[in-house]
Amino acid sequence: TPAAAAAVVQSSEPARKSEGSSATPSTTSSSSVAKPPADAPPGIDSADMAMKTSESTEELYKTVKQRGNDFVKQGKWDEAMYCYTSCIAADAQNSVGFTNRALCYLKLNKAEQAEVDCLSALKLDPKNVKAMYRKALAQKALHRYSDCVASLRQVVALDRTNTAALKEVMVVTKLAKEAGQVLLPADASQSKST
């Protein structure tokens, strides 16, 4: 439900008016403001925490996702992560929340959490190239180079023009060699499951 998501939206957002609309007005005309939970990052305050009970779950998801995207652009990874967590609470069947939160976890040096989110996203959307690539970056951060290269090869198999993945294969291959790790041959790594 929208209330369960504890969605983060900008409090300065103007109230929606139904000018010239013949749609039935919402039964809930006011929005209730909730205090952020104790674990909310410093950039999230009471003014930012609003449960718009008149909005649908889809609208809440979009609003909170945009807020998270804005935090990403500012490099505010904790705040963005918190927003994407709210997105997941609003719609756990949408892989984007997991994929975006994984980016935040990577930036916060939380590779295990990033990999878990990528795996969740890939269960929902097995061909999600961003989730697959971010999973590879998490595996690289965890020094699991063979797994990383296998994931990167999956990315390239889906998107042959992904230059970032192609470059990363070379970087990780070198890291594996320096660490004394043996990489699986390309055909064996492609048969591994996601």
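Residues numbered from 1 in each chain as written. Predicted model: local features only at pLDDT ≥ 70, side-chain atom pairs only at ≥ 80, totals over all residues. Heavy atoms only, no water.

### Some words on the overall build of the protein chain
The number of helices and strands found in the protein chain is nine helices and two strands. Starting at the N terminus and walking to the C terminus, you meet the elements of the protein chain as α-β-β-α-α-α-α-α-α-α-α. Within the protein chain, the proportion of its 194 residues that are buried is 39%. Nonlocal contacts in the protein chain, meaning residues at least 24 apart in sequence, comprise 58% of its contacts between residues at least 6 apart. For the protein chain, the exposed area adds up to about 10800 Å²; of that, 53% sits on carbon and sulfur atoms. (Helix = DSSP H or I, 4+ residues; strand = E, 2+ residues; numbered from the N terminus. Buried < 20%, exposed > 50% of the residue type's maximum accessible area, 1.4 Å probe, protein only. Contact = heavy atoms within 4.5 Å. Areas by Shrake-Rupley, 256 points an atom, 1.4 Å probe, with all protein chains shown as cover.)

### Brief notes about the state of the cysteines
Here a disulfide denotes a covalent bond joining the sulfur atom of one cysteine to the sulfur atom of another. The tally for this structure, following the rule as stated, stands at zero disulfides. Its sulfur unpaired, Cys87 is 7.2 Å from the next cysteine sulfur, which belongs to Cys83. (Disulfide = S-S within 2.5 Å.)

### Some details on helix α3 (residues 77-90)
When the terminal C-alpha atoms of α3 are compared, their 20 Å separation across 14 residues agrees well with the 20 Å that a helix rising 1.5 Å per residue should span. Buried residues dominate α3, accounting for eleven of its 14 residues. Taken together, the buried positions of α3 are Trp77, Glu79, Ala80, Met81, Tyr82, Cys83, Tyr84, Ser86, Cys87, Ile88 and Ala90. (Expected span 1.5 Å × (residues − 1).)

### Observations concerning the environment of Met132
Within the secondary structure, Met132 sits in helix α6 (residues 129-141). Residue Met132 is classed as buried on the basis of its relative accessible area of 3%. Apart from residues no more than four positions distant in its own chain, Met132 is found in contact with Leu122, Pro126, Ser151, Gln154, Val155 and Leu158.

### Some thoughts on the confidence of the model for the protein chain
Summing up the model confidence of the protein chain, the mean pLDDT is 78 and the portion of residues at 70 or higher is 68%. Here residues 1-35 scores under 50 on pLDDT; set against residues more than four positions off or in separate chains, the count is 54 contacts. For the stretch residues 46-54, pLDDT sits under 50, and the model shows 37 contacts to residues farther than four places along the chain or on other chains. (pLDDT = per-residue confidence, 0-100.)

### Details of the packing of helix α4 (residues 95-107) against α6
It is at 10 Å that the axes of α4 and α6 come closest, and there the two elements cross at 25 degrees. One finds that α4 runs roughly parallel with respect to α6. Two packed elements cross with a definite hand, and for α4 against α6 that hand is left-handed. Packed against α4, whose contacting residues are Thr99, Asn100, Leu103 and Leu106, the element α6 presents Lys130, Ala131, Arg134, Leu137 and Ala138 at the interface. When grouped by side-chain class, the residues that make up the contact of α4 with α6 number five nonpolar, two polar and two charged. (Axes fitted to C-alpha atoms, helices over the stretch in contact; angles between N-to-C directions. Parallel < 35°, antiparallel > 145°, perpendicular 65-115°, else oblique. Left-handed = near helix turned anticlockwise from the far one by under 90°. Nonpolar A, V, L, I, M, F, W, Y, C, P; charged D, E, K, R; others polar.)

### Observations regarding the pattern of salt bridges
Across all of its chains, the model carries five salt bridges by this definition. A salt bridge links Arg101 to Asp117; its shortest N-O distance comes to 2.5 Å. Here Asp117 lies in helix α5 (residues 111-124) and Arg101 lies in helix α4, a separation of 16 residues in the sequence. For the pair shown, Arg101 and Asp117 are each scored as buried. The residue Asp147 makes a salt bridge to Arg144 at a minimum N-O spacing of 3.0 Å. Taking the relative accessible area as the measure of exposure, Asp147 reaches 22% and is therefore partly exposed. What makes Arg144 partly exposed here is its relative accessible area of 29%. A network of salt bridges, in which partner residues are shared, links Glu115, Arg144 and Asp147. (Salt bridge = Lys/Arg side-chain N within 4 Å of Asp/Glu carboxyl O.)

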